[in-house]
Amino acid sequence: MTIWEDPIKFLNDWLAGILNAVVDFLNLPAGTTNFILNLIGVIIVATFGLLLVIFLTWLERKVAARFQDRFGPNRAGPYGIFQSFADMIKLITKEDITPTGADKISYNIAPLLSVASVILIWAVVPFTATWVGADINVGVLYIAAVGSFGILSVLMAGWSSNNKYALLGAFRAVAQLISYEVPLFLALLIPVLLARSMGINTIVEAQGTWFVVLAPLPFLIFLTSSIAEIGRTPFDLLEAESEIVAGFHIEYTGMKYGMFMAGEFLHAFTISVLTGILFFGGWQGPMVDTYPLLGVVYLMTKAFIVYFIVMWVRSTLPRVRIDHLMAFNWKFLVPLSLVMLIVTALLDKAFEAHSLHTWILLGANVVVALITVQILRVTGRRKEKELETFPKRPVAVPPKEEAPA
Amino acid sequence: MIPLSWYLIFAAALFSIGLYGVFARKNAVGILMGIELMLNAININLVAFWRYLNPTDMAGQVFALMVFAVSASEVAVGLALVISIYRRRKTIAADEVHELKW
Amino acid sequence: MSPIQLTFLAVAAFSLVSALMVVTRPNMVHAALYLVVASFGVAALFVLLGAPYLAVIQVVVYIGAIAILMIIAIMLTRRIASEDLVVVNAQAGWAAVLAAILFFSLLIILGGWDSFGALAGELPPGSVDPAALGEALVSPQAFVIPFEVASVLLLAALIGAIVIAWRSSRAGG
């Protein structure tokens, strides 16, 4: 194969040839070549994730600025490209303060765990049909499992800072994160259901028609729960700068704070990539069989479109209060995702080989959406009626003796 | 390759450490942690037996899944009890809550 | 020593040391974090045993739910005056002796069993797939009844935990 048809395999074979010669020369055990190649793959994927953060912070600031009718950073280089480097240098050179009484091990490990839990997700992202870090057959569940490391890091950060506000912020953050895991897992189950497998590459290859067409409501539920899981506006109570003084990472300065921020930006992009993989067909696109490199291009295009939507939502919607957040989750998202799971499972199995399969599923989604909107309207109207029974009376007039009707 | 005995020895060691934790810890949550270690050891035992002696029959993995469900529910109820006791007695040391009513 | 054996020994030693730390640390949050590490070691062993689904479920249930629940419970039930400096109660010496006796008697009993040193056979082709486990869980000839009973148990535990931890000072209780 030429280098354009499959660059990674070409490089892999070339390196394997060199390493095999070295291993034979030094008489090392037989699996060393594979081990070293895997190690190089791990280093490349992890570095790719971290380098992407530099680009993402610049993009975020520019796009958010444009939504707010201003320019964004444009001093540090043409169009402000070098702004992220300037930020990085500032964070690295800041003084690294550890609060007195802080639990040193947890305090130092928490930012590492936070970034690690995001980079671990990149291990199962398929860039094309053959470029996968680890093609395990429980990939979707692995993503869910790795998300829980992030929650642990929030708890460790809040606890070890020896600060009441950090602890309170950590409790609220953990409550939000574990609550929104429930609709996230349920919405993750729907592509698994439609593709009959939990392996991510299998899900991508099973998307003859994109799953966003077969299941638009679960796509919205997944996107909403993911935005809540990463702690972006409108769900950014975790770090609400105007309220709880930056929540659980109050006491973090310098590069540790930089790692939390980097982890958060990378997490936002990672869920965009996951949405692209699970709902938008992943690396599929025209001419991707002959030139696998195009798969990377398609995946990144879809991921950046979803990331733009995430940034759009962030710049547009106000912050949600904590009790509204919990009510929204438990009273709206969880029942809706359960209903969608049942409906999709029943219809998918009943009309498996039917010719109108796509339209039936799409129609079922539309019907459930309409019923949901109707229920919301009726309950909203009822709440308004309850509030209207207050008699309207002018200010500074004593109320009459008899109670109004 | 790895003989079955290694897994069984590891599970026995983990179980004994968990047992020591249950008997020796004063803090009620510490006792629950010992119970969790014991349940982990049981799971390793079950899956090792499944893998080495009868990998065609899924009963070993199903049993392990049931143990997961039981341990999760027991931890939930146990911690709810611990929090409830703490609200009344302001302590959760196991040797200080040994009377029903004082 | 093949690489797999070295990996097993490393993971097992790591897990056992963490388990010892769980039962001996006076600081409860540290003990909970060591429990996370021990559970992660057990998950790695599940992968070595050829049960990747159970490994991921172990991480989700133990680390993602149980450990977080324990850490929150520890944070909510702290004594403000002093952390408990005395880890163990009066019977700790006897507990250690009992644990050692249990360990050695388990080894002796198992050692006399003829399959003790059995080596792993080949895994049949479909058994690593979660589909086989899923069929076993919902098939009427297999284990659908324990599955349903487990779901009822989880529901009962959910309701029970909420009711027990409900603050009775609220109106109506």
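If you're wondering where the values come from, they're calculated on a predicted model, not measured in any experiment.

## Brief notes about the overall build of chain C
Of the regular secondary structure elements, chain C holds six helices and zero strands. What you see in chain C, going N to C, is helices and strands ordered as α-α-α-α-α-α. Across the 173 residues that make up chain C, the buried fraction comes to 38%. Here the analysis covers contacts within chain C between residues at least 6 apart in sequence; of these, 44% occur between residues at least 24 apart. Surface exposure of chain C reaches about 9200 Å², of which carbon and sulfur atoms provide 73%.

## Overview of the interface of chain A and chain C
Each partner contributes residues to the interface: chain A has 20 residues there, and chain C has 23 residues. With both chains or domains summed, chain A and chain C bury close to 1900 Å², and 85% of this area falls on carbon and sulfur atoms. There are zero salt bridges connecting chain A and chain C. Linking chain A with chain C are zero residue pairs in polar contact (both at pLDDT 80 or more), by the criterion used here. The element best represented in the side of chain A that touches chain C is helix 5 (residues 139-160) of chain A, accounting for 11 residues. Per-class residue counts for the side of chain A that touches chain C are 16 nonpolar, three polar and one charged.

## Notes on the side chain of Gln 5 of chain C
When you line up the elements, Gln 5 of chain C lands in helix 1 (residues 3-24). The exposure class of Gln 5 of chain C is buried, given its relative accessible area of 13%. The contact partners of Gln 5 of chain C, leaving out residues within four places of it in the chain, are Met 1, Ile 2 and Trp 6 of chain B.

## Things to note about the interface of chain B and chain C
Accessible area lost when the parts come together is the quantity often used to give the size of an interface. Counting from both sides, the interface comprises 71 residues of chain B and, opposite them, 83 residues of chain C. Taken together, the two surfaces of chain B and chain C that pack against each other cover about 7200 Å², and 78% of this comes from carbon and sulfur. Together, Tyr 20, Arg 25 and Met 33 of chain B form the three largest contributors to the area buried by chain B at its contact with chain C, with a combined 10%. Counting every contact that joins chain B to chain C gives zero salt bridges. For the side of chain B that touches chain C, the elements supplying multiple residues, two or more each, are helix 1 (4-24), helix 2 (28-53) and helix 3 (59-89) of chain B. If you tally residues by element for the side of chain B that touches chain C, the top one is helix 3 of chain B, at 23 residues. For the side of chain B that touches chain C, the class distribution of residues is 52 nonpolar, 13 polar and six charged.

## Description of the packing of aromatic side chains
Residue and element names in this part refer to chain A. Considering all chains together, one arrives at 26 aromatic pairs over all chains under this definition. Ring geometry for Phe 328 and Phe 332: centres 5.4 Å apart, planes at 25°, overall stacked. Taken together, the positions of Phe 328 and Phe 332, both in helix 12 (residues 322-350) and four residues apart, correspond to about one turn of that helix. Here a set of aromatic residues connected by ring pairs shows up, and it is made of Phe 48, Phe 55, Trp 58, Trp 122, Phe 127, Phe 269, Phe 304 and Tyr 307.

## Structural notes on the packing of helix 3 of chain B against helix 6 (residues 144-165) of chain C
Closest axis-to-axis distance for the helix 3 of chain B/helix 6 of chain C pair is 9 Å, and the angle between their directions is 10°. Our classification of the angle between helix 3 of chain B and helix 6 of chain C gives roughly parallel. Residues Met 66, Ala 69, Val 70, Ser 73, Ala 76, Val 77, Ala 80, Leu 81, Ser 84 and Arg 87 of chain B of helix 3 of chain B pack against Pro 146, Phe 147, Ala 150, Leu 153, Leu 154, Ala 157, Ala 161, Ile 164 and Ala 165 of chain C of helix 6 of chain C.

## Notes on the pattern of salt bridges
Residue and element names in this part refer to chain A. Scanning the entire structure with this criterion turns up five salt bridges over all chains. Across the salt bridge formed by Asp 87 and Arg 61, the nearest N and O atoms sit 2.7 Å from each other. Pair noted here: Asp 87 is in helix 3 (residues 83-92) and Arg 61 is in helix 2 (residues 32-67), with a separation of 26 residues, a long-range link. When the shortest N-O distance is used, the salt bridge between Lys 256 and Asp 96 registers 3.2 Å. Taken together, the residues Lys 256 in helix 10 (residues 254-279) and Asp 96 in the loop between helix 3 and helix 4 (104-119) connect sequence positions 160 residues apart.

## Let's talk about the nonpolar core
Of all hydrophobic cores here, the largest spans 181 residues; its most connected members are Trp 122 and Phe 269 of chain A, Val 29, Met 33 and Leu 37 of chain B together with Met 70 of chain C. The element contributing the most residues to this core is helix 3 (residues 52-76) of chain C, with 18 residues. In this structure, Met 70 of chain C is in contact with Val 29, Leu 32, Met 33, Glu 36, Val 75 and Leu 79 of chain B together with Leu 35 of chain C, ignoring residues within four places of it in sequence.

## As for the domain arrangement of chain C
Partitioning chain C into structural domains gives domain 1 (1-82) and domain 2 (130-173). Here the C-alpha centroids of domain 1 of chain C and domain 2 of chain C sit 24 Å apart.

## A short note on the domain arrangement of chain A
All names here are of chain A. Each assigned domain of chain A is listed here: domain 1 (1-93) and domain 2 (99-384). Taken over C-alpha atoms, the centre of domain 1 sits 24 Å from the centre of domain 2. The partner domain 2 presents 27 residues to the 22 residues of domain 1 that form the contact. The tally of links from domain 1 across to domain 2 stands at one salt bridge. The salt bridge partner of Arg 314 is Glu 60, with a shortest N-O separation of 2.6 Å. Where domain 1 meets domain 2, there are three residue pairs in polar contact (both at pLDDT 80 or more). Put simply, the parts of the chain that give the side of domain 1 that touches domain 2 at least two residues each are helix 1 (7-26), helix 2 and helix 3. When residues in the side of domain 1 that touches domain 2 are grouped by element, the largest group, 15 residues, is from helix 2. Considering only residue class, the side of domain 1 that touches domain 2 consists of 17 nonpolar, two polar and three charged.

## Quick word on helix 4 (residues 92-111) of chain C
If you check helix 4 of chain C, its first and last C-alpha atoms are 28 Å apart, about what 20 residues at 1.5 Å a residue would give, namely 28 Å. Taken together, the buried positions of helix 4 of chain C are Ala 92, Ala 95, Ala 99, Phe 103 and Leu 110 of chain C. One side of helix 4 of chain C carries all its buried residues, which in axial view fall inside an arc of 75°. Along helix 4 of chain C, the residues that are exposed and aim more than 90 degrees away from the buried face are Trp 94, Ile 101, Ile 108 and Ile 109 of chain C. Each element contacted by the buried residues of helix 4 of chain C is listed here: helix 1 of chain B.

Definitions and cut-offs
Residues numbered from 1 in each chain as written. Chains lettered and ligands numbered in written order. Predicted model: local features only at pLDDT ≥ 70, side-chain atom pairs only at ≥ 80, totals over all residues. Heavy atoms only, no water. Helix = DSSP H or I, 4+ residues; strand = E, 2+ residues; numbered from the N terminus. Buried < 20%, exposed > 50% of the residue type's maximum accessible area, 1.4 Å probe, protein only. Contact = heavy atoms within 4.5 Å. Areas by Shrake-Rupley, 256 points an atom, 1.4 Å probe, with all protein chains shown as cover. Buried area = accessible area lost by both parts, 1.4 Å probe. Salt bridge = Lys/Arg side-chain N within 4 Å of Asp/Glu carboxyl O. Polar contact = N/O pair within 3.5 Å; in protein donor to acceptor, adjacent residues only side chain to side chain. Nonpolar A, V, L, I, M, F, W, Y, C, P; charged D, E, K, R; others polar. Phe/Tyr/Trp six-rings, centres within 6.5 Å; stacked < 30°, edge-to-face > 60°. Axes fitted to C-alpha atoms, helices over the stretch in contact; angles between N-to-C directions. Parallel < 35°, antiparallel > 145°, perpendicular 65-115°, else oblique. Core = buried A, V, L, I, M, F, W, Y, C linked by side-chain atoms within 4.5 Å. Domains from an automatic or database assignment. Expected span 1.5 Å × (residues − 1). Arc of directions from axis to C-beta.

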